[in-house]
Amino acid sequence: MKYDAVIVGGGPAGSVTARFAAEAGAKVLIVERRAEIGVPVLCGEGISQRIDNWGMLEGKKWIASTMDGAKIFSPDGTMVTLSKEIAGDETGYVVYRDIFDQELARKAAQAGADIRLKTKAVGLLKKNDKISGVKVQEFDETYDIEADIVVGADGVESKVGHWAGLDTIVKPRDLETCVQYTLTNVDYNTDYCEFYLGKEIAPGGYVWIFPKGKGTYNVGIGILASLSRPGKAKQLLDRFIAGRPELQKGEPLRFIAGAVPVAKPVRTVADNLLLVGDAARHADAITGGGLTTSLQGGKIAGDVIGQAVEHHIFDEDFLSSYEKQWKAEFGKKLLRDYMVKEIMLDFDDKTLNMLADSLKNYKFEEFSTLSLVKALVLKHPTLLMKLKPLMKLSEVQG
Ligand SMILES: Cc1cc2nc3c(=O)[nH]c(=O)nc-3n(C[C@H](O)[C@H](O)[C@H](O)COP(=O)(O)OP(=O)(O)OC[C@H]3O[C@@H](n4cnc5c(N)ncnc54)[C@H](O)[C@@H]3O)c2cc1C
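Residues numbered from 1 in each chain as written. Predicted model: local features only at pLDDT ≥ 70, side-chain atom pairs only at ≥ 80, totals over all residues. Heavy atoms only, no water.

**What about the sheet that holds strand 3 (residues 46-47)?**
Point 1. With antiparallel pairing, three strands are arranged side by side in an open sheet as 3-7-4. In the strand order of this sheet, the two ends are held by strand 3 and strand 4 (63-66), each with one partner. (Pairing = 2+ DSSP bridges. Helix = DSSP H or I, 4+ residues; strand = E, 2+ residues; numbered from the N terminus.)

Below is the structure:
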């Protein structure tokens, strides 16, 4: 069995990579360990409406609801409202992730990609010391799949990069432990995604309430693994819900637990190998959102695979074009948001309240990191030292 590219993981990053590689003429296979694409859903299901411009999803069946923006609440309840245009990558739509993922996989199949379910990659193949495919386990059978390029689209628990010798280790300080209920019959009405901050509420993370329509809400929490212990995320979420009668009235349709990397992106190419999506640590370090960058990175990866197949060059040098392009498209934002995360981790609840108070009437239409930091420093000169690294970065980027 020989393919131009074998893609490990049939999540958004894998399917989009497969689609664009296949459209560029490559013979592509997705191997997915699950029995159904997109199931079980492990997501808050929020995504920016920017994806409308990318034409990657047909129809509207994957959209559960459309948001007006985001509301962020500081520990003392001060609210900062952001319009959907500037609210970040996790607001705009709340989606049905299972339908969303299956629509992306359908587009990959339509472009000519093959898909194998219940097929888990268990190691890399090597020929003359070069990666030459993957060893897989399909049900009880183990066999080899040869390929010129292996793509690690295997999510937060990614092993593919590690097998290839890339440093993909995520430290507990760079990992969010998440749990979420989908609650229905909730007596609450909003078209905003809501985020609740505070060391007591969600240490190193936040609680989210994302409306899915018809009284149904994704209510979840992410806390930093380094500040967590077994069961803590669920305990904190249960406590949050218990304090909100309108949520307490809801009944659960789904409970999930998962993790999101909030790390710096890693080296994403090697000879005959690419990493995309969460496997590339492309999730945003502030929000933990990784859907938009999975789509963006997947498209770039697919295009580059197409070119590599056309020229029959699969070395790191050629494939580095993928890394250059994703860095140009969203690399600076990932790095900036990682720095913001690190700075915010030092903020106590009092500082968060103070920041929210200064920002509650801020005209966010003029949003840029630099203008935001300047406004904060003007009001709170004591923050100057803490925000200085961010200011330097923003001066370069605007
Ligand atoms: C609780 C929670 C809430 C979240 N909420 C949001 C949100 O609201 N908005 C947002 O943008 N992001 C959110 N995220 C993050 C988002 O889900 C990920 O960034 C996104 O799924 C990344 O896509 P991916 O394709 O890289 O990885 P995944 O979607 O994780 O897909 C990886 C796939 O690889 C498969 N796989 C793994 N190992 C192997 C193997 N060895 N062989 C074969 N297959 C394998 C897995 O089964 C999986 O299907 C959330 C994450 C969690 C856990």
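**Here we look at the nonpolar core**
Point 1. Ranked by internal contacts, the top residues of the largest apolar core, which has 29 residues, are V28, I149, V151, L274, I305 and Y322.
Point 2. Of all the elements in the fold, those that place two or more residues in this core are strand 1 (2-8), helix 1 (12-23), strand 2 (28-31), strand 11 (141-152), helix 6 (291-311) and helix 7 (316-345).
Point 3. Residue contributions to this core peak at six residues, all from helix 6.
Point 4. Setting aside its immediate chain neighbours within four residues, V151 contacts V6, I7, V8, T17, L274, V276 and I305.
Point 5. V80, Y206, L376 and V377 belong to the second largest nonpolar core, which has 26 residues in total. (Core = buried A, V, L, I, M, F, W, Y, C linked by side-chain atoms within 4.5 Å. Buried < 20%, exposed > 50% of the residue type's maximum accessible area, 1.4 Å probe, protein only. Contact = heavy atoms within 4.5 Å.)

**Notes on the packing of helix 1 against helix 6**
Point 1. The interhelical angle for the contact between helix 1 and helix 6, taken along N-to-C directions, is 30 degrees, at an axis separation of 7 Å. Taken as axis vectors, helix 1 and helix 6 run roughly parallel relative to one another. In terms of crossing hand, the pair formed by helix 1 and helix 6 is right-handed. Here helix 1 contributes P12, A13, V16, T17, F20 and A21 to the contact with helix 6, which in turn contributes L291, S294, L295, G298, K299, A301, G302, D303 and I305.
Point 2. Within the contact of helix 1 with helix 6, the residues separate by chemical class into nine nonpolar, four polar and two charged. (Axes fitted to C-alpha atoms, helices over the stretch in contact; angles between N-to-C directions. Parallel < 35°, antiparallel > 145°, perpendicular 65-115°, else oblique. Left-handed = near helix turned anticlockwise from the far one by under 90°. Nonpolar A, V, L, I, M, F, W, Y, C, P; charged D, E, K, R; others polar.)

**Observations concerning the site of the ligand**
Point 1. Taken together, 34 residues are adjacent to the ligand, and E32, G44, G46, A121 and D278 come closest.
Point 2. At 3.1 Å from an oxygen atom of the ligand is found a side-chain nitrogen or oxygen belonging to R97.
Point 3. Protein burial of the ligand: of its 990 Å² of free accessible surface, 92% is covered by the chains.
Point 4. Elements supplying a minimum of two residues to the shell around the ligand: helix 1, strand 9 (119-127), strand 16 (251-261) and helix 6.
Point 5. Of the residues that constitute the shell around the ligand, the class distribution is 13 nonpolar, 12 polar and nine charged.
Point 6. Two domains share the shell around the ligand, each providing at least three of its residues, namely domain 1 (3-64 + 92-169 + 266-331) and domain 2 (172-261). (Near = heavy atom within 4 Å. Polar contact = N/O pair within 3.5 Å; in protein donor to acceptor, adjacent residues only side chain to side chain. Areas by Shrake-Rupley, 256 points an atom, 1.4 Å probe, with all protein chains shown as cover. Domains from an automatic or database assignment.)

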